[in-house]
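# Fold and contact review
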Amino acid sequence: MEENRNIWLVTLVKCAVIVIVGLFLYLGIEYYAESQLDAAAKRATTTQKRLIALELETFKTTSDTIADLIFDEKTSKLMYLMEKGEMSPEAVRAALLKRYLPIYEKLHRHDLRHLQFHLPDGTSFLRVHEPRKFGDSLLEIRHSVAKIVEKHKPLYGFEIGRYLGAYRGVYPLFYKKRYVGSVELSFTFSVMKRVLEEVGGGRVHYYLALNLDRIKESADWNLLHIYRRCYVDPKFVINEALVDSCKVLRKTGYKTDLLPYREFSVVLKPEANDFNIVSFIPLKMIDGSYGGYYIVIQKDNGSIASLVSMVSVLKIALAVAVAVALVLVLMLHFYRMRAYTADIDPLTGVYNRRGCMRALGEGKKRYALIFIDIDRFKEINDTYGHEKGDGVIRTITRIIVTHIRKEDIFCRYGGDEFLLFVANANSEQAHVIAEKLRKHIHIHRFDGVENVTVSIGIAIRERNESIGSLIARADKSLYEAKEKGRNRVIVEDGKEQES
């Protein structure tokens, strides 16, 4: 009666394991779905990042082309003559405005925002777009101006200035190899937005979220009214003309801390079966720091919805599989439990000592016996606990089983000792097998346990020798491996292989 109760207890435990495994598989499906969604989001983000980089390169090329066409030696000479005192600032300003205002007006219709000249000391000399405002120093609020004054080399990138942010190309002006000032061209984000959204075919929308503190450092406060707090993080703002179209962010209520800056993406579902990939790509400023984000909202093309449907099917299939598995375990349990109890080691699932002897039988085969012992196993149990120790035993068992033949006989001899009987193998062949197992165990990364190694002793069965005698001789070789420092293979004839 007691034995029957134990059998039922084991059966119930196995059923519980099946349920737990089913739960873990369910969680695995959830994890798979999340990882696939994450992968899809990352792919979309990578694509958008490349498109933005391509558009920035296009901006640079466009800016360079315009600069090459409209800025020449005549422009530099005017700045030079003013610096030498041969022309008054007013006269130079008037000459530059007369020449460049018509050009600016034409380019402005093609998305050029600003055209501005600076003196060699970083003072604004002429804003062609707003000629009445000049004479203010830009060194403290414009890294690009300060940098070009120092290095006299062109600069490109996004920068927040007194009149808010823009993509700028800043160029030094030289006359007779003398630095006489600089000039800049700038474009608004709306230009990039329009081009990229045309490429996206209306399924992708782009927004620029700027760090409010960065804006307050440089911009005219009277212009801050054109921005509204970003739904995701109020420390960032979006142009008011665009913010209402970010309905995906508003409807889902998605919020996160956008600082520190990092590239990431999320999948949001504002409505039933309406999935959107939202990418947050840090905005690199002209000085190399970050001052905001490109927020890209990409409507699902159907792939995410299909993935969600497939995951639902997998969950149903899992429920059916768990039910079938429970039935099979109950059936197999009654037929095999007694054999397992008698001959199988419950921790590892391989033969125990009794099962090993039964498998060997009375055969007269020439066996090579590989005697394996885990080094300092007591220390592993004392340091990491018996559960981790059991995990080490199971892992080592799995490694060995993976690398032996079906006809080899392998068992857990007891505790942390294992026997591997290799039929018809000589000492050299056994040595190769043992060394292979030792190396695989040595390089394996065990869960939560470090530096797990084994020592191995080898003996070759002599004619008509008993198994007990063979084990004793292999044990002697194993003892020698331990004595010589562990983590090595010793063959009875004296061969060894160190780690």
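Below, the structure is looked at part by part. (Residues numbered from 1 in each chain as written. Predicted model: local features only at pLDDT ≥ 70, side-chain atom pairs only at ≥ 80, totals over all residues. Heavy atoms only, no water.)

Once that is clear, we can look at the pattern of salt bridges. Scanning the entire structure with this criterion turns up 34 salt bridges. Of the charged contacts in the structure, one is a salt bridge between Asp136 and Arg127, with a shortest N-O distance of 2.8 Å. The burial state of Asp136 is the same as that of Arg127; both residues are buried. Note that Glu379 and Arg376 form a salt bridge whose closest N and O atoms lie 3.9 Å from each other. Accessibility expressed as a relative area gives 44% for Arg376, which makes it partly exposed. Within the structure, one salt-bridge network assembled from shared partners comprises Arg142, Glu159, Arg168 and Glu184. (Salt bridge = Lys/Arg side-chain N within 4 Å of Asp/Glu carboxyl O. Buried < 20%, exposed > 50% of the residue type's maximum accessible area, 1.4 Å probe, protein only.)

What follows concerns the sheet that holds strand β4 (residues 164–175). Ordered in space as β2-β1-β5-β4-β3, the five strands form an open sheet in which the pairing is antiparallel. Edge strands, defined here as strands with exactly one partner in the open sheet, are β2 (124–127) and β3 (155–161). When the angles between neighbouring strand axes are averaged without regard to direction, this sheet yields 30°. Where helix α3 (residues 89–108) meets the sheet, its contacts fall on β1 (112–118) and β2, and the angle it forms with β1 comes to roughly 165°. (Pairing = 2+ DSSP bridges. Helix = DSSP H or I, 4+ residues; strand = E, 2+ residues; numbered from the N terminus. Axes fitted to C-alpha atoms, helices over the stretch in contact; angles between N-to-C directions. Contact = heavy atoms within 4.5 Å.)

Here we take up the nonpolar core. If you look at the biggest cluster of nonpolar residues, it comprises 51 residues, and the most contacted ones within it are Phe71, Leu96, Leu115, Phe117, Ile215 and Tyr294. With residues near it in sequence (within four places) discarded, Ile215 still touches Ile160, Leu164, Leu210, Leu224, Tyr227 and Val237. Counting 31 residues, the second largest nonpolar core, distinct from the first, contains Ile372, Val392, Val449 and Val452. (Core = buried A, V, L, I, M, F, W, Y, C linked by side-chain atoms within 4.5 Å.)

Bringing unusual backbone geometry into the picture now. A cis amide bond links Leu259 with the next residue in sequence, Pro260, at an omega value of 0°. If you trace the backbone, Pro260 turns up in the loop between α8 (247–252) and β9 (264–271). Within the chain, Asn464 stands out as a residue other than glycine whose phi angle is a positive 60°. When you line up the elements, Asn464 lands in the loop between β15 (454–460) and α14 (467–483). Asn464 sits in the exposed class, given a relative accessible area of 64%. Unusually for a residue other than glycine, Arg486 sits at a positive phi of about 70°. Within the secondary structure layout, Arg486 lies in the loop between α14 and β16 (489–491). Taking the relative accessible area as the measure of exposure, Arg486 reaches 26% and is therefore partly exposed.

Moving on to the sheet that holds strand β11 (residues 290–299). Spatial ordering of the open sheet is given by β7-β8-β6-β11-β10-β9, a layout of six strands whose pairing is antiparallel. At either end of the open sheet lies a strand with only one pairing partner, and these are β7 (227–229) and β9. Across the sheet, the mean angle from the axis of one strand to that of its neighbour is 35°, orientation sign disregarded. Pairing between strand β6 (residues 204–211) and β11: seven bridges, direction antiparallel.

This next bit is on the packing of helix α2 (residues 73–83) against α3. For the pair α2 and α3, interaxial distance at closest approach is 9 Å and the crossing angle is 165°. Our classification of the angle between α2 and α3 gives roughly antiparallel. In this structure, α2 meets α3 at a crossing whose hand is left-handed. Contact residues: α2 offers Lys74, Thr75, Leu78, Met79 and Met82, while α3 offers Pro89, Val92, Ala95, Leu96, Arg99 and Tyr100. For the contact of α2 with α3, the per-class residue count stands at eight nonpolar, one polar and two charged. (Parallel < 35°, antiparallel > 145°, perpendicular 65-115°, else oblique. Left-handed = near helix turned anticlockwise from the far one by under 90°. Nonpolar A, V, L, I, M, F, W, Y, C, P; charged D, E, K, R; others polar.)

The pairing of β1 with β2 spans three bridges and is antiparallel. The residue bridging Gln116 from the neighbouring strand is Arg127, located in β2. Between β1 and β2, which pair antiparallel one after the other, the connecting turn spans five residues, and Gly122 there sits at a positive phi close to 90°.

We now examine a nonpolar patch on the surface. The grouping of Ile316, Val320, Val324, Val327, Leu328 and Met331 at the surface amounts to a nonpolar patch, some 550 Å² of accessible area in total. As for its position among the elements, Leu328 is in helix α9 (residues 303–343). (Patch = residues over 30% accessible without salt bridge, like charges linked within 9 Å, V, L, I, M, F, W, Y side chains within 5 Å. Areas by Shrake-Rupley, 256 points an atom, 1.4 Å probe, with all protein chains shown as cover.)

Along the chain, Asp375 falls in the loop between β12 (367–374) and α11 (377–384). A polar contact of 2.7 Å, which involves the side chain of Asp375, links it to the side chain of Thr453. In terms of polar contacts, Asp375 uses its side chain to reach the side chain of Lys482, at 2.8 Å. Residues within four places of Asp375 in sequence aside, it is in contact with Ile380, Thr453, Val454, Ser455, Lys482, Arg486 and Asn487. (Polar contact = N/O pair within 3.5 Å; in protein donor to acceptor, adjacent residues only side chain to side chain.)

Before going further, it helps to spend a moment on helix α10 (residues 353–360). Listing the buried residues of α10 in full gives Gly355, Cys356 and Leu360. Looking straight down α10, one finds that the buried residues subtend no more than 135° of arc, so they occupy a single side. Every exposed residue of α10 that faces more than 90 degrees away from the buried side is listed here: Arg354 and Arg358. If you check the start of α10, you find a side-chain oxygen 3.2 Å away from the backbone N of Arg354, and it comes from Asn352. In the stretch just after α10, Gly361 is the one whose phi turns positive, near 60°. (Arc of directions from axis to C-beta.)

A few words on the environment of Glu465. Within the secondary structure layout, Glu465 lies in the loop between β15 and α14. Overall, the relative accessible area of 9% leaves Glu465 in the buried class. In this structure the C-alpha to C-alpha distance between Glu465 and Arg366, which are 99 residues apart in sequence, comes to 9.4 Å. When neighbours within four sequence positions are excluded, Glu465 is seen to be in contact with Ile460, Leu470 and Arg473. In terms of polar contacts, Glu465 uses its side chain to reach the backbone amide nitrogen of Leu470, at 3.3 Å.

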